Amino acid sequence: MKKEKGFTMIEILLGIVIVAILMVGIFSYLPKIMENKNLNSISILLNSFYQNQNNYKTVNNKNIIDAHLVPDSMNVDKNTYKIYNEWKGEIQFSSADKKINNNERIANGLYSITYQGLPKDACIKLISANKNNFYWIAVNNKTILSPDYEFKIENVNAICNMNKNNIAFYGN
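Residues numbered from 1 in each chain as written. Predicted model: local features only at pLDDT ≥ 70, side-chain atom pairs only at ≥ 80, totals over all residues. Heavy atoms only, no water.

A.B. asks: So what's going on with the confidence of the model for the protein? Which residues, and what values?
C.D. replies: Residues of the protein with pLDDT of at least 70 account for 76%, and the chain-wide mean is 80. Within the protein, no element has a lower average pLDDT than strand β5 (residues 104–105), which sits at 52, and none a higher one than strand β2 (residues 82–84), at 93. (pLDDT = per-residue confidence, 0-100. Helix = DSSP H or I, 4+ residues; strand = E, 2+ residues; numbered from the N terminus.)

In structure tokens form, the structure reads like this:
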């Protein structure tokens, strides 16, 4: 009896299922990778753009968009000067003469990048991936990294406990 060559229907379906599972895994992880890359790119671009100045007083969404410092992969509304992250929360840029926890004052000469509406897992991963790039980080108005506050991942896990977290990254 002659054996037929080729794949059976079951083998073909099994191959399609395996490829589909791999694609779902890749596409669910991709936004998280892109957001880490976006934040890192913005930080580098801000530092290089303002390196000849002594402060970041002109940092705001309008100036950041007009200077083309926002990566193309981010959603930008040029009419309202709003920038949105992968989770549809707003991203705001500003100079950072602010108070945190009502008593800790951040020095002049810094800029802030505030991410709004991040889910818990994205909050933890974004902070963990970028903790070495910023001077100060606060989540939901609680400091988790500063010159006087040692970074601990347990604190991040405890503070990133809401479905929509807000993170403020402060750079200099």
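Still more ground to cover, so stick around.
A.B. asks: Quick one: what's the story with the sheet that holds strand β1 (residues 75–77), residue by residue and with numbers?
C.D. replies: The pairing of strands in a sheet comes from backbone hydrogen bonds and takes either a parallel or an antiparallel form. Across the sheet, 7 strands lie side by side as β1-β2-β3-β6-β9-β7-β8; this open sheet has antiparallel pairing. Both edges of this open sheet fall to β1 and β8 (142–145), since each of them pairs with a single strand only. For this sheet the average axis-to-axis angle between neighbouring strands, irrespective of direction, equals 25°. For strand β6 (residues 111–118) and strand β9 (residues 165–171), the ladder comprises 6 bridges, and the chain directions are antiparallel. Within the sheet, the bridge partner assigned to Leu 118 lies in β9 and is Asn 165. (Pairing = 2+ DSSP bridges. Axes fitted to C-alpha atoms, helices over the stretch in contact; angles between N-to-C directions.)

A.B. asks: Describe in detail the packing of aromatic side chains, supporting the description with residues and values.
C.D. replies: Here the structure, examined in full by the defined rule, presents 3 aromatic pairs. When the centroid spacing of 6.2 Å and the interplanar angle of 85° are considered together, the rings of Tyr 115 and Phe 169 count as edge-to-face. Here Phe 169 lies in strand β9 and Tyr 115 lies in strand β6, a separation of 54 residues in the sequence. Judged by its relative accessible area of 0%, Tyr 115 is buried. Look at Tyr 135 and Trp 136: their rings are 6.1 Å apart centre to centre, the planes differ by 40°, and that puts the pair in the tilted class. Residue class for Tyr 135 comes out partly exposed when judged on its relative accessible area of 31%. These aromatic residues form a ring-pair network of at least three members: Tyr 115, Phe 134 and Phe 169. (Phe/Tyr/Trp six-rings, centres within 6.5 Å; stacked < 30°, edge-to-face > 60°. Buried < 20%, exposed > 50% of the residue type's maximum accessible area, 1.4 Å probe, protein only.)

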